[in-house]
Amino acid sequence: MNIYVGNLPYGTDRDELREVFAAFGEVSAARIVTDRESGRSKGFGFVEMPNEAEARKAIEALNGNEIGGRKAVVNEARPREERPPREKHW
């Protein structure tokens, strides 16, 4: 299951994110979304957990609780919506 994790401190890295979710079961991937230009965290990420029961347990336990001192938003990730290509404004 793909899990969205929002309102993360900007200093959180993927290893920390993986560690938080590993307490609930196997984590196959963890990533922090970063700004393309600056490379800085955007304050959210995604965690992949292959076992749905473990993933649901993690969502239930972590949503609304603190991760790194901030109240996290944790839920099942929705599929990415197709967006039209952005126009370049030169």
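Residues numbered from 1 in each chain as written. Predicted model: local features only at pLDDT ≥ 70, side-chain atom pairs only at ≥ 80, totals over all residues. Heavy atoms only, no water.

K.L.:
What is the right way to read the sheet that holds strand 6 (residues 73-76) from this model?
P.N.:
Sheet strands pair via backbone hydrogen bonds, and the direction of the pair is either parallel or antiparallel. With antiparallel pairing, the 4 strands of this open sheet are ordered in space as 2-3-1-6. Edge positions in the sheet fall to strand 2 (29-34) and strand 6, since each of these pairs with one other strand and no more. Within the sheet, the average angular offset between the axes of one strand and its neighbour, ignoring direction, is 20 degrees. Two elements, strand 2 and strand 3 (residues 41-48), share 5 bridges in a ladder whose sense is antiparallel. Residue pairing in the sheet places I32 in a bridge with G45 of strand 3. Its contacts with the sheet place helix 1 (residues 14-22) against strand 1 (2-6), strand 2, strand 3 and strand 6, and it is angled at close to 135 degrees to strand 2. Packed onto the sheet, helix 2 (residues 52-62) meets strand 1 and strand 6 and runs at close to 155 degrees relative to strand 6. (Pairing = 2+ DSSP bridges. Helix = DSSP H or I, 4+ residues; strand = E, 2+ residues; numbered from the N terminus. Axes fitted to C-alpha atoms, helices over the stretch in contact; angles between N-to-C directions. Contact = heavy atoms within 4.5 Å.)

K.L.:
What exactly am I supposed to notice about the side chain of S41 here?
P.N.:
The topology assignment puts S41 in strand 3. A distance of 2.9 Å separates the side chain of S41 from the backbone nitrogen of G43, its partner in a polar contact. With sequence-adjacent residues up to four places away left out, S41 is seen in contact with Y10, I32, V33 and T34. (Polar contact = N/O pair within 3.5 Å; in protein donor to acceptor, adjacent residues only side chain to side chain.)

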